[in-house]
Amino acid sequence: MADAKVIPFDDDRSRGSAAARSTRRRSAASRRSGEPAAVREVQPLPGRFPEQDEVPVTGEDQPPQPDHGLEQRVASGLAFLRRRLTGDYEVDDFGYDEELTDQVLMSVLRPVYENYFRVDVKGIENVPAEGGALIVANHSGTLPLDGLMMQVAVHDHHPAGRHLRLLAADLVFVLPVVNELARKLGHTLACAEDAERLLAAGELVGVMPEGFKGIGKPFSERYKLQRFGRGGFVSTALRKGVPIIPCSIVGAEEIYPMIGNAKTVARLLGFPYFPLTPTFPWLGPLGAIPLPTKWTIQFGEPIPTDGYPPEAADDPMLMFNLTDQVREQIQHTLYKLLVQRRSVFF
Amino acid sequence: MLVTGVARQLGGRFVRRIQRDPQVDRVVGVDAVPPEHHLGGADFIQADIRQPTIARVLAETAADTVVHLDVTGTALGSGSRATVKETNVIGTMQLLGACQKSPTVRRLVVKSSTNVYGSASRDPAVFTETTSPKSLPSGGFAKDTVEVEGYVRGFARRRPDVAVCVLRFANILGPNADTPLAAYFSLPVLPTVFGYDPRLQFVHEDDVIDVLRIAAHEPARSTLNSGTFNIAGDGVLLLAQCSRRLGRPTVPLLLPAVTWTGSLVRTLGMTDFSPEQIRLLTHGRVVSTDQMRETLGFQPKYTTAETFADFARSRGPGLLPPEALAGAIDRIAALSLRGSGHPQTQSAD
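The rules behind the values
Once a new chain begins, its residue numbering starts again from 1 and follows that chain's sequence as written. Chain A is the first chain written and ligand 1 is the first ligand written, with later ones labelled in order. It should be noted that, the model being predicted, local features are given only for residues of pLDDT at least 70 and side-chain atom pairs only at 80 or more, the latter also being counted only at that level, while totals for whole chains, interfaces and linings use all residues. The helix and strand labels rest on DSSP assignments: H or I over at least four residues marks a helix, E over at least two residues marks a strand, and numbering proceeds from the N terminus. Counting other C-beta atoms within 10 Å of a residue's own tells you its class, since 20 or more makes it buried, 12 or fewer makes it exposed, and anything in between is partly exposed; those C-beta atoms are placed from the backbone. Contact definition: two residues whose C-beta atoms, as placed from backbone geometry, lie within 7 Å. In plain words, the nonpolar core is the set of buried Ala, Val, Leu, Ile, Met, Phe, Trp, Tyr and Cys residues that C-beta atoms within 7 Å link up. UniProt positions are given in the numbering used here, feature names are shortened, and annotations may be inferred rather than shown by experiment. We call two strands paired when DSSP finds no fewer than two bridges between them. Interaxial angle, 0 to 180 degrees, is taken between N-to-C directions of lines fitted to C-alpha atoms, where a helix line uses only the stretch in contact. Residue classes follow a fixed rule: Ala, Val, Leu, Ile, Met, Phe, Trp, Tyr, Cys and Pro count as nonpolar, while Asp, Glu, Lys and Arg count as charged, and any other residue, Gly among them, counts as polar. Angle categories: roughly parallel below 35 degrees, roughly antiparallel above 145, roughly perpendicular from 65 to 115, and oblique for all the rest. Crossings are sorted by hand: turned counterclockwise from the far helix by less than a right angle, the near helix makes the crossing left-handed, and turned clockwise it makes it right-handed. Scored between 0 and 100, pLDDT is the confidence that the predictor attaches to each residue. A helix is expected to span 1.5 Å for every residue after the first. This arc is taken over the directions from the axis of the helix to the C-beta atoms.

Chemist: Please explain the overall build of chain A as it appears in this structure.
Modeler: If you tally the helices and strands in chain A, you get 12 helices and nine strands. The buried share of chain A, reckoned over its 346 residues, is 36%. Pairs at least 24 apart in sequence give 75% of the contacts found in chain A among residues at least 6 apart.

Chemist: Help me understand the overall build of chain B, please; the structure alone is not making it clear to me.
Modeler: Looking only at helices and strands, one finds 12 helices and 13 strands in chain B. Taken along the three principal axes of its C-alpha coordinates, chain B extends 90 × 45 × 40 Å. Among the 349 residues that make up chain B, the fraction classed as buried is 47%. Taking contacts inside chain B between residues at least 6 apart in sequence as the whole, the part at least 24 apart equals 81%.

Chemist: Just checking my understanding: could you explain the nonpolar core for this structure?
Modeler: It is characteristic of soluble globular proteins that their nonpolar side chains tend to be buried jointly. Counting residues in hydrophobic clusters, the biggest one holds 149 residues, and the most contacted among them are Leu134, Val136 and Met149 of chain A together with Val3 of chain B. Here this core gets seven residues from one element, more than from any other, and that element is helix 5 (residues 145-157) of chain A. With residues near it in sequence (within four places) discarded, Leu134 of chain A still touches Leu199, Val205, Val207, Phe233, Ala237, Val242, Ile244 and Ile245 of chain A.

Chemist: What is the right way to read the UniProt feature "domain: Phospholipid/glycerol acyltransferase" (unreviewed entry) in chain A from this model?
Modeler: With numbering matched to this structure, UniProt assigns "domain: Phospholipid/glycerol acyltransferase" (unreviewed entry) to residues 133-252 of chain A. A distance of 23 Å separates the end C-alpha atoms of residues 133-252 of chain A, which is 40% helix and 19% strand.

Chemist: Would you mind showing me how to read the environment of Pro243 of chain A here?
Modeler: All names here are of chain A. Mapped onto the secondary structure, Pro243 falls in the loop between helix 10 (232-240) and strand 6 (244-250). With 63 residues separating them in the primary sequence, Pro243 and Asp306 have C-alpha atoms 7.4 Å apart. Excluding its chain neighbours within four sequence positions, the residues that come into contact with Pro243 are Pro128, Ala133, Pro302, Ile303, Pro304 and Thr305.

Chemist: Before we go on, may I ask you to explain the sheet that holds strand 4 (residues 65-68) of chain B in this structure?
Modeler: To summarise the sheet geometry, strands pair through backbone hydrogen bonds and adopt either a parallel or an antiparallel arrangement. Residue and element names in this part refer to chain B. Across the sheet, which stays open at both edges, the seven strands sit in the order 3-2-1-4-5-6-11 with parallel pairing between neighbours. The outermost strands of the open sheet, each flanked by one partner alone, are strand 3 (43-46) and strand 11 (227-231). For this sheet, the mean inter-axis angle between neighbouring strands, taken without regard to orientation, is 20 degrees. As paired elements, strand 6 (residues 163-169) and strand 11 share five bridges and run parallel to each other. The residue bridging Cys165 from the neighbouring strand is Gly227, located in strand 11.

Chemist: What should I look at first to understand the interface of chain A and chain B in this one?
Modeler: In this complex, chain A contributes 34 residues to the contact, which on the side of chain B involves 32 residues. Looking at the side of chain A that touches chain B, the elements that each hand over two or more residues are helix 3 (64-85), helix 6 (170-174), helix 7 (178-184), strand 4 (188-189) and helix 8 (192-200) of chain A. With 10 residues, helix 3 of chain A is the largest single contributor of residues to the side of chain A that touches chain B. Within the side of chain A that touches chain B, the residues separate by chemical class into 17 nonpolar, six polar and 11 charged.

Chemist: How should the packing of helix 8 (residues 255-268) of chain B against helix 9 (residues 275-283) of chain B be read in this particular structure?
Modeler: Residues and elements named next belong to chain B. Two numbers describe how helix 8 lies on helix 9: the axes approach to 10 Å, and their chain directions differ by 150 degrees. Classified by the angle between their axes, helix 8 and helix 9 sit roughly antiparallel to one another. Helix 9 is crossed by helix 8, and the crossing has right-handed handedness. Contacts from Leu255, Val258, Thr259 and Gly262 of helix 8 reach helix 9 at Pro275, Ile278 and Thr282. Of the residues that constitute the contact of helix 8 with helix 9, the class distribution is four nonpolar, three polar and no charged.

Chemist: Hey, could you run me through the sheet that holds strand 4 of chain A in this one?
Modeler: Residue and element names in this part refer to chain A. Ordered in space as 1-9-6-2-5-3-4, the seven strands form an open sheet in which the pairing is mixed. At either margin of the open sheet sits one strand with a lone partner, and together these are strand 1 (120-122) and strand 4. When strand 1 meets strand 9 (residues 296-299), the two strands line up parallel, connected through three bridges. What sits directly across from Asp120, in strand 9, is Thr296. Its contacts with the sheet put helix 5 on strand 1, strand 2 (133-137), strand 3 (164-168), strand 5 (204-207), strand 6 and strand 9, and the angle it makes with strand 3 is roughly 170 degrees.

Chemist: Just checking my understanding: could you explain the pairing of strand 6 of chain A for this structure?
Modeler: Each regular strand carries side chains that alternate between the two faces of the sheet. Residues and elements named next belong to chain A. Most of strand 6 sits out of view: seven of its seven residues are buried. Of the two faces of strand 6, the one carrying Ile244, Pro246, Ser248 and Val250 and the one carrying Ile245, Cys247 and Ile249 are both buried. Bridge count between strand 2 and strand 6: four bridges; the pairing is parallel. Paired with Val136 across the two strands is Pro246, which belongs to strand 6. Bridging between strand 6 and strand 9 involves four bridges; their strand directions are antiparallel.

Chemist: Hey, could you run me through the confidence of the model for chain A in this one?
Modeler: On average, chain A scores 83 in pLDDT, and the residues at 70 or more come to 80%. Note that residues 1-64 of chain A has pLDDT below 50 and, in this model, 51 contacts with residues that lie over four places away or in other chains.

Chemist: Explain the confidence of the model for chain B to me, please; I cannot follow it from the model alone.
Modeler: Caution is warranted with low-pLDDT regions, since their predicted coordinates should not be read in detail. Residue and element names in this part refer to chain B. Looking at chain B as a whole, its pLDDT mean stands at 87, while 95% of the residues score no less than 70. Across residues 342-349, where pLDDT falls below 50, the model places 13 contacts with residues more than four positions away in sequence or in other chains. For this predicted complex, the interface score ipTM comes out at 0.86, alongside a pTM of 0.83.

Chemist: What is the right way to read helix 5 of chain A from this model?
Modeler: An α-helical segment advances 3.6 residues per turn. Residues three or four places apart therefore align on the same side. With 13 residues, helix 5 of chain A should reach 18 Å at 1.5 Å per residue; the first-to-last C-alpha distance of 18 Å fits that figure. Of all 13 residues that make up helix 5 of chain A, 13 are buried, and the element is covered over most of its length.

Chemist: I'm lost on the environment of Leu199 of chain A in this one. Help?
Modeler: Residue and element names in this part refer to chain A. Within the element layout of this structure, Leu199 appears in helix 8. We classify Leu199 as buried; it has 22 C-beta atoms within 10 Å. Spatially, the C-alpha atoms of Leu199 and Thr305 are 13 Å apart, while their sequence positions differ by 106 residues. For Leu199, the contacting residues outside a window of four places in its chain are Gly132, Leu134, Val205, Thr236, Lys240 and Val242.

Chemist: What is the right way to read helix 11 (residues 304-315) of chain B from this model?
Modeler: Residue and element names in this part refer to chain B. Between its first and last C-alpha atoms helix 11 spans 17 Å; for 12 residues at 1.5 Å apiece the expected length is 16 Å, and the two agree. Regarding helix 11, the residues found buried are Thr304, Ala305, Thr307, Phe308, Phe311 and Ala312. Down the axis of helix 11, the buried side of the element spans an arc of 155 degrees, and every buried residue falls inside it.

Chemist: Help me understand the packing of helix 1 (residues 9-18) of chain B against helix 6 (residues 205-216) of chain B, please; the structure alone is not making it clear to me.
Modeler: How two helices sit against one another is set out by the angle between their axes and by the gap between those axes. Residue and element names in this part refer to chain B. Following both chains from N to C, one finds helix 1 and helix 6 inclined at 55 degrees, their axes separated by 10 Å at the closest point. One element, helix 1, and the other, helix 6, form an angle in the oblique class. For the pair helix 1 and helix 6, the crossing hand works out as right-handed. Counting all contacts with helix 1, which are made through Leu10, Arg13, Phe14, Arg17 and Ile18, the residues of helix 6 involved are Glu205, Val208, Ile209, Leu212, Arg213 and Ala216.

Chemist: How should I be thinking about unusual backbone geometry in this particular structure?
Modeler: Keep in mind that most residues, glycine aside, have a negative phi and that most peptide bonds are trans. Cis rather than trans, the peptide bond between Phe280 of chain A and Pro281 of chain A has omega equal to 0 degrees. Mapped onto the elements, Pro281 of chain A comes out in the loop between strand 8 (275-276) and strand 9. Residues other than glycine seldom take positive phi values, yet Tyr223 of chain A does so here, at roughly 60 degrees. According to the C-beta neighbour criterion, Tyr223 of chain A is partly exposed, with 18 such atoms within 10 Å. The backbone of Ala62 of chain B shows a phi angle near 50 degrees, a positive value even though the residue is not glycine. When you line up the elements, Ala62 of chain B lands in the loop between helix 2 (53-61) and strand 4. The class for Ala62 of chain B is partly exposed, based on 13 C-beta atoms found within 10 Å.

Next up, the structure:
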């Protein structure tokens with residue numbers, strides 16, 4: 001933990017430093033919630049190294065190490081650029097570009113996650129450290145920012161540094177640019193084939209079964225879970241014997257309060273809905289800025305599915321029961337989190 | 001053994017190679033035009049498979065194995081698209097008709113393509129042999145292969161005693177490949193569709209020959225070589241990666257513009273750049289090769305990336321060779337290292 005002494009530079013290259021980074025981030029998050037702001041600046045790792053006499057307030061009294069860090073950062077940045085420009089990087093069968101996601105796309109999403117929505121993550125220990133698992137979450141907020149924030153939450157907070165592979169609606173893969181970014185972020189089309197292939201490969205798969213019904217519901221119906229599709233996610237999990245992890249996201253409902261739906265415009269553009277919020281489209285692009293709500297993402301107790309016989313995936317009754325169980329659990333957690341919440345914005 | 005389409009590079013290579021296998025007594029090559037390359041001593045019969053003469057050829061040679069390679073996307077020499085389509089579809093019908101009448105035929109191998117899956121945004125990311133396409137190919141080579149496979153399935157039903165093997169090849173590349181995609185990658189500047197980065201899969205020419213040999217012989221122990229198999233190298237390359245590895249710059253165009261340009265180029269008769277090709281370069285296509293490994297027992301020697309590297313070597317450097325770019329970045333790195341070698345008074349944090 002030598003690099004814990006210095007406030008580390010963003011040295012993303014090696015796995016080890018990535019792990020150290022996530023430790024730091026976790027401790028930073030716990031610090032933020034637990035301690036007053038004045039203490040935060042001077043004690044990056046409270047109580048970790050009591051024997052250390054030098055307090056790393058600034059880098060002034062230890063120039064070689066930050067200098068070294070900068071040098072390393074420049075070198076790794078150039079190495080990254082070199083790999084990108086010569087096409088010498090790997091993507092998997094789904095087009096997931098791990099390097100680009102970790103180094104560029106996550107760095108873009110992280111400020112939104114940490115500073116704008118100030119996401120609190122609870123129950124990350126319910127996400128298994130290895131093997132396939134299906135995270136099922138509620139969906140809201142007009143634009144699917146909740147999925148992206150969930151991806152950052154798993155990536156930054158999970159001790160094993162797992163990557164969440166989201167299942168996205170087909171509209172995502174029709175739109176130019178969006179489809180390219182989605183594929184590179186590791187998302188794929190929400191269909192049984194892709195989900196089963198990812199789960200069989202031991203990946204962590206995230207799905208939001210409410211789909212457009214959830215994300216495009218009016219503001220008055222906030223935090224009321226919609227129908228969970230046809231329960232396809234349950235039969236997929238049953239077929240692969242992976243646990244289902246219910247996940248409740250609070251805060252996303254209020255980012256774009258949808259007070260109306262311009263159906264004609266939506267039909268013209270081929271979208272499932274066209275949101276009208278107090279600011280959009282009246283203020284133009286400015287109205288598209290989400291409200292800075294305070295988010296909580298809670299991962300619930302896993303629901304095991306490996307105890308069922310193989311033909312259980314074709315049993316509609318069991319499927320409906322399990323779907324309801326997952327839905328209830330998410331809805332209850334949502335209510336609990338809403339009661340605990342002090343205000344929408346803090 | 002009767003092999004069709006030997007006037008092409010692939011057919012010629014396959015004939016030369018298969019003759020060296022001890023199980024093969026005699027190889028007869030068939031094509032409408034005499035091949036420019038030698039066939040390694042194999043007999044050549046000039047016959048058009050679109051004509052009923054193919055039945056006589058088959059009866060006279062009494063072949064027990066028929067390898068149908070004359071299912072191609074491009075015309076040989078100065079043929080038009082209509083000729084290619086006729087050879088693909090009518091030729092296959094005639095050949096299958098001849099096979100059905102022939103009492104000697106025991107094995108049929110048909111070259112097909114992963115084009116049968118089409119390419120759409122609503123397709124799953126990875127196609128298996130049983131995946132049904134969301135949007136059937138509307139024309140061009142892809143539609144030919146769908147029709148060819150339909151006739152082959154009909155033949156397999158009518159002659160259950162014949163082992164039928166359909167090999168769906170991913171895009172074939174290699175130093176000698178003459179596929180539409182190879183022509184595309186030879187352009188000095190690659191037009192791409194703006195906002196899409198398709199996933200592509202390639203199979204090397206050498207692997208194509210090897211897998212055809214496996215399919216044309218008796219199956220090895222614990223493998224089965226009748227059925228439909230996807231054939232592709234491991235891994236996936238994005239079009240952006242391909243262009244960078246080739247060193248050819250890309251010009252992103254909006255999708256309507258690409259479609260329009262494609263049809264203009266086609267009308268002018270410059271290339272057969274079909275809508276199917278454009279769709280492939282928009283949405284990409286990846287197939288699962290589990291069946292190829294487990295059932296057919298074939299392990300490709302080249303991965304997708306190695307196939308592409310071999311192809312890139314044969315094409316020579318593009319306008320922006322990756323080595324030059326890498327060298328430039330290395331020089332910047334050396335400069336910045338020297339620059340930051342001086343002791344700094346203020347650190348960055």
